[in-house]
Each structure stands twice: as structure tokens, then as C-alpha cells.
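Residue-level structural notes
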Amino acid sequence: MWESVLKKQKWELQVNSERKSIAFNISDNETNGDVTVRLDQSELFELMHTFLSINRSFNKESMYFEEHDREQSVS
């Protein structure tokens, strides 16, 4: 059963705990069709990992193990 967990004016995020999946619904008032993207648990994990990586690059952050690998390659 789908349950809405976050709803904004143009999009909504729903979860289905039984199927361990999410649905991202995007509505566009200018066209007649809405767009829905459904992801299972592994796809959601991959998407979250990608978003975190993008966020780190925006903030010019690096992970500890990346810094450690760089130091080892210089030595």
C-alpha cells in the first residue's frame, strides 16, 4: 500500500513498505500527464549514494579514505 510521506506543490514522495520501494510523482500543470518514477530498495540506495557524492563535491569535501589513499600514493 502506498503512503504519502512528503508532498509539495509540484511533486510527491510515496513509500510502499511491503514492497520496499518508493514512488516519486511529478505533476506538471502545463501538460495533461504526470510522471512517476518508482525505485526499489537497491535503486534507492544507489540514488542516495549519488546524491551524497554530489553534495560532497558541492562542499569540496573528501572522504577520509580518499585522503588516506592520496597520502599513500605520494609516499
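Heads up: the structure comes first, above all this text.
A few points on the structure. (Residues numbered from 1 in each chain as written. Predicted model: local features only at pLDDT ≥ 70, side-chain atom pairs only at ≥ 80, totals over all residues. Heavy atoms only, no water.)

With that settled, the discussion passes to the packing of aromatic side chains. The tally for this structure, following the rule as stated, stands at 1 aromatic pair. On the basis of an interplanar angle of 40° and a centroid distance of 5.4 Å, the ring pair of Trp11 and Phe24 is categorised as tilted. Of this pair, Trp11 sits in strand β2 (residues 11-16) while Phe24 sits in strand β3 (residues 21-26), and the two are 13 residues apart along the sequence. Residue Trp11 is classed as partly exposed on the basis of its relative accessible area of 30%. The class for Phe24 is partly exposed, based on a relative accessible area of 28%. (Phe/Tyr/Trp six-rings, centres within 6.5 Å; stacked < 30°, edge-to-face > 60°. Helix = DSSP H or I, 4+ residues; strand = E, 2+ residues; numbered from the N terminus. Buried < 20%, exposed > 50% of the residue type's maximum accessible area, 1.4 Å probe, protein only.)

Let's shift gears to the sheet that holds strand β1 (residues 3-7). Sheets are built from strands paired through backbone hydrogen bonds, the pairs being either parallel or antiparallel. Taken together, the 4 strands give an open sheet; going across it, the order is β1-β2-β3-β4, and neighbouring strands pair in antiparallel fashion. Strands at the two margins of the open sheet, each flanked by one partner only, are β1 and β4 (35-40). Between one strand axis and the next, the sheet turns through 20° on average, direction left out of account. Examined bridge by bridge, β3 and β4 share 6 bridges and lie antiparallel to one another. The partner of Ala23 across the bridge, within β4, is Arg38. Across the sheet, helix α1 (residues 41-58) is in contact with β3 and β4; its angle to β4 comes to roughly 100°. (Pairing = 2+ DSSP bridges. Axes fitted to C-alpha atoms, helices over the stretch in contact; angles between N-to-C directions. Contact = heavy atoms within 4.5 Å.)

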